[in-house]
Amino acid sequence: MKVLVAVKRVIDYNVKIRVKPDHSDVDLTNVKMAMNPFCEIAVEEAVRLKEKGVATEVVAVTVGPKAAQEQLRTALALGADRAIHVETDVPVESLAAAKVLAKVVEEEQPGLVILGKQAIDSDNNQVGQMLAALAGLPQGTFASEVVIENDKAQVTREIDGGLQTVELTLPAIVTTDLRLNEPRYAKLPDIMKAKKKPLDVKSPADLGVDIAGRVKLLKVEPPAERQAGIKVGSVDELVEKLKNEAKVIS
Amino acid sequence: MSILVLAEHHDGQLSSATAHVVAAAKQIGGDIHVLVAGEGVAAIAEAAAKLDGVAKVRVADHAVYAHQLAEPLGDLLVELAGDYGHVLAAASTTGKNVLPRVAALKDVGQLSEIIAVESADTFRRPIYAGNAIATVQSEDALKVITVRATAFDAVGEAGGASIEAVESVVDNTRSTFVKEALAESDRPELGSARVVISGGRGMGNGENFKLLDGIADKLGAAIGASRAAVDAGFVPNDMQVGQTGKIVAPDLYIAVGISGAIQHLAGMKDSKVIVAINKDEEAPIFQVSDYGLVADLFQALPELEQKL
Ligand SMILES: Cc1cc2nc3c(=O)[nH]c(=O)nc-3n(C[C@H](O)[C@H](O)[C@H](O)COP(=O)(O)OP(=O)(O)OC[C@H]3O[C@@H](n4cnc5c(N)ncnc54)[C@H](O)[C@@H]3O)c2cc1C
Ligand SMILES: Nc1ncnc2c1ncn2[C@@H]1O[C@H](COP(=O)(O)O)[C@@H](O)[C@H]1O
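Quick summary incoming for the structure in this document. (Residues numbered from 1 in each chain as written. Chains lettered and ligands numbered in written order. Predicted model: local features only at pLDDT ≥ 70, side-chain atom pairs only at ≥ 80, totals over all residues. Heavy atoms only, no water.)

1. Quick look at the sheet that holds strand β7 (residues 82-87) of chain A
Within a beta sheet, neighbouring strands are joined by backbone hydrogen bonds and run either parallel or antiparallel to one another.
Part 1 of the reasoning: Strands sit in the order β13(A)-β7(A)-β6(A)-β1(A)-β8(A)-β12(A)-β9(A)-β10(A)-β11(A)-β13(B) across an open sheet of 10 strands; the sheet is mixed. The two strands at the open ends of the sheet, each matched to only one other strand, are β13 (199-202) of chain A together with β13 (175-182) of chain B. Direction aside, the axes of adjacent strands within the sheet are offset by 25 degrees on average.
Part 2 of the reasoning: Looking at chain direction, strand β10 (residues 152-159) of chain A and strand β11 (residues 162-169) of chain A are connected through 8 bridges and run antiparallel. Each bridged residue has a counterpart across the sheet, and for Arg157(A) the counterpart in β11(A) is Gln164(A).
Part 3 of the reasoning: Those strands touched by helix α2 (residues 69-78) of chain A are β6 (57-64), β7 and β13 of chain A, and its axis lies near 165 degrees from that of β7(A). (Pairing = 2+ DSSP bridges. Helix = DSSP H or I, 4+ residues; strand = E, 2+ residues; numbered from the N terminus. Axes fitted to C-alpha atoms, helices over the stretch in contact; angles between N-to-C directions. Contact = heavy atoms within 4.5 Å.)

2. Observations regarding the interface of chain B and chain A
Part 1 of the reasoning: At the interface, 86 residues of chain B touch 78 residues of chain A.
Part 2 of the reasoning: Summed over both partners, the interface of chain B with chain A buries about 6,800 Å², with 53% contributed by carbon and sulfur atoms.
Part 3 of the reasoning: Its largest share of buried area at the contact with chain A, chain B owes to Thr93(B), Tyr128(B) and Tyr291(B), together 11% of the area lost on that side.
Part 4 of the reasoning: On inspection of chain B and its partner chain A, the count reaches 8 salt bridges.
Part 5 of the reasoning: Residues Asp236(A) and Lys307(B) are paired through a salt bridge, measuring 3.2 Å at the closest nitrogen-oxygen approach.
Part 6 of the reasoning: At the junction of chain B with chain A, the criterion picks out 48 residue pairs in polar contact (both at pLDDT 80 or more). (Buried area = accessible area lost by both parts, 1.4 Å probe. Salt bridge = Lys/Arg side-chain N within 4 Å of Asp/Glu carboxyl O. Polar contact = N/O pair within 3.5 Å; in protein donor to acceptor, adjacent residues only side chain to side chain.)

3. Focus on helix α4 (residues 127-135) of chain A
Part 1 of the reasoning: Across the 9 residues of α4(A), 7 count as buried, placing the element largely inside the fold.
Part 2 of the reasoning: The complete set of buried residues in α4(A) reads Val127(A), Gly128(A), Gln129(A), Met130(A), Leu131(A), Ala132(A) and Ala133(A).
Part 3 of the reasoning: Turning to α4(A), the residues buried within the fold contact α3 (94-108), β8 (112-116), β9 (139-149) and β12 (172-176) of chain A together with α4 (93-105) and β7 (110-114) of chain B.
Part 4 of the reasoning: Phi turns positive one or two residues past the end of α4(A), at Gly136(A), with a value near 70 degrees. (Buried < 20%, exposed > 50% of the residue type's maximum accessible area, 1.4 Å probe, protein only.)

4. Some points on a negative patch on the surface
Residues and elements named next belong to chain B.
Part 1 of the reasoning: Side chains of Asp11, Glu180, Glu184 and Asp186 sit close together on the surface and give a patch of like negative charge.
Part 2 of the reasoning: Along the chain, glutamate 180 falls in strand β13.
Part 3 of the reasoning: Residue glutamate 180 is classed as partly exposed on the basis of its relative accessible area, which comes to 33%. (Patch = residues over 30% accessible without salt bridge, like charges linked within 9 Å, V, L, I, M, F, W, Y side chains within 5 Å. Areas by Shrake-Rupley, 256 points an atom, 1.4 Å probe, with all protein chains shown as cover. Lys, Arg positive; Asp, Glu negative; His and termini not counted. Charge placed at Lys NZ, Arg CZ, Asp CG, Glu CD.)

5. Observations regarding the site of ligand 1
Part 1 of the reasoning: What surrounds ligand 1 is a group of 29 residues, the closest being Arg201(B), Ser226(B), Thr244(B), Ser259(B) and Asn278(B).
Part 2 of the reasoning: In this structure, ligand 1 is bordered by residues of chains A and B.
Part 3 of the reasoning: One of the backbone nitrogen or oxygen atoms of Gln243(B) is found 3.2 Å away from an oxygen atom of ligand 1.
Part 4 of the reasoning: A distance of 3.1 Å separates a nitrogen atom of ligand 1 from a polar atom in the backbone of Lys279(B).
Part 5 of the reasoning: Contact with the protein chains removes 85% of the 990 Å² of surface that ligand 1 exposes when unbound.
Part 6 of the reasoning: The set of elements that each furnish at least two residues to the shell around ligand 1 consists of α1 (37-51) of chain A together with α6 (227-231), α7 (262-268) and α8 (297-307) of chain B.
Part 7 of the reasoning: Grouping the amino acids of the shell around ligand 1 by side-chain chemistry returns 11 nonpolar, 13 polar and 5 charged. (Near = heavy atom within 4 Å. Nonpolar A, V, L, I, M, F, W, Y, C, P; charged D, E, K, R; others polar.)

6. Quick notes on the pairing of strand β17 (residues 273-278) of chain B
Residue and element names in this part refer to chain B.
Part 1 of the reasoning: Of all 6 residues making up β17, 6 are buried, and the element is well covered by its neighbours.
Part 2 of the reasoning: Across 5 bridges, the pairing between strand β16 (residues 252-256) and β17 is parallel. Each residue of the ladder has a partner; that of isoleucine 254, found in β17, is valine 275.
Part 3 of the reasoning: In this fold, the crossover linking β16 to β17 by way of α7 has right-handed handedness.
Part 4 of the reasoning: Alignment of β17 against strand β18 (residues 291-294), held across 4 bridges, turns out to be parallel. Across the sheet, residue asparagine 278 finds its bridge partner in β18, namely valine 294. (Right-handed = clockwise from strand over helix to strand, strands pointing away.)

7. Some details on a nonpolar patch on the surface
Part 1 of the reasoning: Taken together, the side chains of Leu188(A), Ile191(A) and Met192(A) present a nonpolar region at the surface, about 290 Å² in accessible area.
Part 2 of the reasoning: When you line up the elements, Ile191(A) lands in helix α5 (residues 188-194).

8. Description of the pattern of salt bridges
Part 1 of the reasoning: Tallying each qualifying case throughout the model produces 38 salt bridges over all chains.
Part 2 of the reasoning: One salt bridge connects Lys117(A) with Asp177(A), and the closest N-O pair in it is separated by 3.2 Å. Residue Lys117(A) is located in the loop between β8 and α4, and its partner Asp177(A) is located in the loop between β12 and α5; the two are separated by 60 residues in the primary sequence.
Part 3 of the reasoning: The class of Lys117(A) is buried, set by a relative accessible area of 9%.
Part 4 of the reasoning: Of the charged contacts, one joins Asp251(B) and Arg194(B) as a salt bridge, the two residues approaching to 3.4 Å between their closest N and O atoms. Remark: Arg194(B) occurs in the loop between β13 and β14 (195-199) and Asp251(B) occurs in the loop between α6 and β16; sequence separation between them is 57 residues.
Part 5 of the reasoning: Connected through shared salt-bridge partners, Lys2(A), Glu57(A), Arg82(A) and Glu108(A) make up one network.

9. Topic: the packing of helix α3 (residues 70-81) of chain B against α4(B)
Residues and elements named next belong to chain B.
Part 1 of the reasoning: Taken N-terminus to C-terminus, the directions of α3 and α4 make an angle of 50 degrees; their axes are 9 Å apart at the nearest point. Relative to α4, the element α3 lies oblique. Where α3 crosses over α4, the two elements pack in a sense that is right-handed. In contact with Ala70, Glu71, Leu73, Gly74, Asp75, Leu77 and Val78 of α3, α4 contributes Thr94, Asn97, Val98, Leu99, Arg101, Val102 and Leu105.
Part 2 of the reasoning: The residue makeup of the contact of α3 with α4, split by class, is 8 nonpolar, 3 polar and 3 charged. (Parallel < 35°, antiparallel > 145°, perpendicular 65-115°, else oblique. Left-handed = near helix turned anticlockwise from the far one by under 90°.)

Purely geometric numbers; function is a separate question.
Below, the structure written as C-alpha cells:
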C-alpha cells in the first residue's frame, strides 16, 4: 500500500509572530520556518506503517514556494521514499491545496493519505476534510490511533466529548491529532541520504488546477493585549480580591 | 437571504453552542433556519425552535445521521445549501469535521472559527494561535463558516419556530461508527462554564488533579488541563484547553501549575479574569493574569479550597 503524506511549510511553532506595521499581514521576513507540527506527526505515522510492513512506499507532497522543498527534504530524511513539490508563489488557500492534493491522489492512487489536522499559521483545519470530499474518500479526522487491517482503517478520533472510533474503507483520508505519535528527529546520515532521494517538481497548471484565492485578506491586527495584573501575597488576599475587586465569586 | 445553522447536540440535548452560533447568524442578518440532524432528535428540534431569532427548524431524523458522521452529514448539508447564502456551525469537533466537506463540494472556501461579524461577507478570525486577528472577506456566493461560540453571547429563548422534516435521506457506505468513549462528568461543560480551573504539568500526576475537585465543586467550575498534562496521561484529551484543544472564555479562569505557552494562552486568554498559581515567578502565565499567586500548588490548593 502506498501512503501519501501532505506537509506544509509554516512558521516554527516556538516563534512569536509580529504583525506588519501597515497591518497588511504578519511579518515573515527572517522568521524561522519549519514543518507544521501536525505534518511531522503525519510523516511519522506513515513511516511507522512502512516499518511495520503495512505501507510499501511513502510519498511526501507539498504545495507552496520553492523554499518548501526544505520541508520535503525533512520528510525524506524522516523516512519518506520520494517527494512531490507542486510549486507556486501564490498564497495557497485550503480549497486550492485540497484541489491540488486531489489531483495528486488521482495520479498516485495511494491506499491512505495522512495530513495534519491543522496548519498552525492559518489555523484552518480544513484541507483533509476538503480533500476527502473532493476525492470521494472517507475521512478519519483528529486521529489519535490508526489501525490498518484487511482494507479497512480503524481510526480513533479525539472529539469534544472524548474519543470516537470509526471504520473506513480504504483508500481513506486521515488527519493527525497531537497524541497519535511522537515524531522522531532526523539523523545526520539520513539527512545526507535524503538529498539523493527523488523530488518531482510540478506546477498547479501541470495538474490542471486553478488555485486562485476566494478569500480577501483585508487586514491583520495584533490581538488586544492583556495587561499583566498584580501579584497577590497569599491565598487570603487572592480570595478577597476575587470577591471584592473582580467580583467573580461570592 | 437565509442562513442555515447546523445544530450541535449531544446525548439527546441541544448544546449551548447552538445558541451562540444563532447569535452570530443574527448579526449577519437574514432568515435563520436550524438543521437538526441525527437519530431520535425530536426533542432537540423542539429546543432549537425556542431559540430567539430562529424562523424554522429542519429536522433530518434517520439512523444514517446517528453519531453525526462527516460523510452523510456533509452530503445532507450540500443538498440543503442551495437554499442559503450562509451555512454556519460551531467550531466544535463536529462542525470542523463536516463543514469543510460542504465548502469543497460547493466549490467555495471556508472561514474557520470567526470571532466577529463585520458584514454579511466580512468577518474577523484569529490566526497564528490567536497572535494575530485577520479581517477576511469571502468572495464566494455561498459562505461556509465555523463560529467560535465563546465570541458571541448566546441568544435567549423567545421564539416558536416552525418545525419541518427533511424527507430526503443520503446514504453512507464509506464510513461506519464503531464506538465512542465519552467522558462522564457532573461538572459543567468546559466551553460554557462560568468558571474554569485547569491543571498543568505542575500537578505532577493524575491523582493530584483531585486537588482541583473541591475547588471546582465550590465554584461550580469545569476542570481543564494543559496539553502537557494530557500528554503525560494525567487526564483525558477532552480536557485540553488551547490552540488545538478547547477554547474557553469564562468569567474566571484559574491556571494551576501551567507555564503559559502561547498555544495554551490561545485557548483561554479571552477569559474575563485570569488567576495563575505557579511556583515560578517568571512563568509567562503571570504576564496575562489579573491575579498571580507565586506559591507551591500543593500548599495553595488545599488552602484555597478551605477559604472559599
Ligand atoms: C502544535 C502544537 C499545539 C499545541 N497545542 C496546545 C494546546 O492546545 N494546549 C496546551 O496547553 N498546549 C499546547 N501545546 C503545548 C505547549 O507548547 C506547551 O508545551 C504546554 O502548554 C505546556 O504545558 P504546561 O504549562 O502544563 O507545562 P510546563 O510548560 O512544563 O509548565 C509547568 C508549570 O508548572 C509549574 N509548577 C511545577 N510544579 C509546581 C508546583 N508544585 N506548584 C506550582 N507550580 C508548579 C512550573 O513552574 C511550570 O511553570 C501545543 C504544542 C504544539 C507544538
Ligand atoms: N499547501 C499545502 N501543501 C501540502 N499540504 C497542505 C498544505 N496546506 C495544508 N496542507 C495539509 O493539510 C493540513 C491541514 O491544513 P489546514 O486545513 O490548512 O489547517 C496540514 O497539516 C497539511 O497536512
